[in-house]
Amino acid sequence: MISLLGVLCREAGNAVSGPRHLLRKLEPIENLKGVPFVRAWIDCYRCHFRLWLHGVEHGDISLSNLMYDPDIQRGMLNNFNLAVIHEGPGECTPAGKMRMGMVSFMVLDLLTPGYYGGKIARLYRHDLKSFVLPFALLRSYSTDQDAQLDAWCTSNYDRCCQEKSDFLITHLYKAGALHACEAIWRGIGLAAFSWLYYSKLTMHEKENTELWYGPSEDSAHKMLKMFEKKLAASLCTHPVAGLRFELLSDAQLRL
């Protein structure tokens, strides 16, 4: 597959395609297994974070848009067809009527009539949580839950919301992985899904309202920091051989 990436231009706060340039051939991240997959996945969500801080909302996080460059051995975020560019800091997009993204990779907060009616703004945490879902949809990380996960792959957002809720509430801690991937699931996948489910439950305190609902860069910084701390803590308990995970420093977060 040859990747064609349109040059993003600023026009009334939206992304438009300019001249197209031929880029190096990229490989799907799902072709990678074990530690190489995790490293490429980390590259992708950190790349997304940096773009977000510079006003670029990718808006279509899905397994098919997470790629890998075999020449430099790094993960790359691909396909900016639905991207939106903001001129000012802290802006957010009530995007339900503008760009949908792939339903199977959208978080529960957006699988609602409010979002699809254009009344709910898409925030950084929504896209960050979408990065968690590939761990469930990769068949090499699941065993007997394939039929249930297949139900996520629908254009019916209400049905998808019900199926994801059932997985998180009822089946998350029953989910297994093939033997070769068990360490990855226990060290990264399960921790990421636990954060996906429990993060909202810890945000009911008044002082966390801005973190949860705010569109500011500070909210994005804190959300990513919270997510990475969860991964680091899990890896201390369930280490993965060959994987060295270092938290981004405050200085790196604000570059």
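Placed above this text is the structure.
A brief look at the structure comes next. (Residues numbered from 1 in each chain as written. Predicted model: local features only at pLDDT ≥ 70, side-chain atom pairs only at ≥ 80, totals over all residues. Heavy atoms only, no water.)

**So, the packing of helix α7 (residues 182-198) against helix α9 (residues 217-237)**
Move 1: Closest axis-to-axis distance for the α7/α9 pair is 8 Å, and the angle between their directions is 140 degrees. Relative to α9, α7 is oriented oblique. At the point where α7 passes α9, the crossing takes the right-handed sense. Along its contact with α7, which presents Arg186, Gly187, Ile188, Ala191, Ala192, Ser194 and Trp195, the element α9 presents Met223, Met226, Phe227, Lys230, Leu231, Ser234 and Leu235.
Move 2: Classifying every residue of the contact of α7 with α9 gives nine nonpolar, three polar and two charged. (Axes fitted to C-alpha atoms, helices over the stretch in contact; angles between N-to-C directions. Helix = DSSP H or I, 4+ residues; strand = E, 2+ residues; numbered from the N terminus. Parallel < 35°, antiparallel > 145°, perpendicular 65-115°, else oblique. Left-handed = near helix turned anticlockwise from the far one by under 90°. Contact = heavy atoms within 4.5 Å. Nonpolar A, V, L, I, M, F, W, Y, C, P; charged D, E, K, R; others polar.)

**Quick look at empty space enclosed by the protein**
Move 1: Applying the stated rule across the entire model yields one cavity of 30 Å³ or more.
Move 2: Its volume calculated, the largest cavity comes out at about 80 Å³.
Move 3: Lining the largest cavity are Trp52, Leu123, Tyr124, Arg125, Leu211, Gly214, Pro215, Ser216, Ser219, Ala220 and Met223.
Move 4: If you list the elements that add at least two residues to the lining of the largest cavity, you get α3 (124-130) and α9.
Move 5: In terms of residue count, the dominant contributor to the lining of the largest cavity is α9 (three residues).
Move 6: For the lining of the largest cavity, a count of residues per class yields seven nonpolar, three polar and one charged. (1 Å grid on protein atoms, 1.4 Å probe; cavity = no way out; pocket = protein on both sides within 12 Å on 5 of 7 lines; lining within 4 Å. Points joined across faces, edges and corners; volume = space filled by probe spheres on them.)

**Points about the pattern of salt bridges**
Move 1: Evaluated as defined, the whole model comprises nine salt bridges.
Move 2: Two residues, Asp109 and Arg125, come together in a salt bridge whose shortest N-O distance is 2.9 Å. Here Arg125 lies in helix α3 and Asp109 lies in the loop between β7 (84-85) and α2 (113-116), a separation of 16 residues in the sequence. Comparing Asp109 with Arg125 shows no difference in burial state: the two are buried.
Move 3: Taking the shortest distance from any N to any O, the salt bridge between Asp250 and Lys225 comes out at 2.6 Å. Taken as a pair, Asp250 in helix α10 (residues 250-253) and Lys225 in helix α9 lie far apart in primary sequence, 25 residues in all.
Move 4: Connected through salt bridges with shared partners, the residues Asp218, Lys222 and Arg254 form a single ionic network. (Salt bridge = Lys/Arg side-chain N within 4 Å of Asp/Glu carboxyl O. Buried < 20%, exposed > 50% of the residue type's maximum accessible area, 1.4 Å probe, protein only.)

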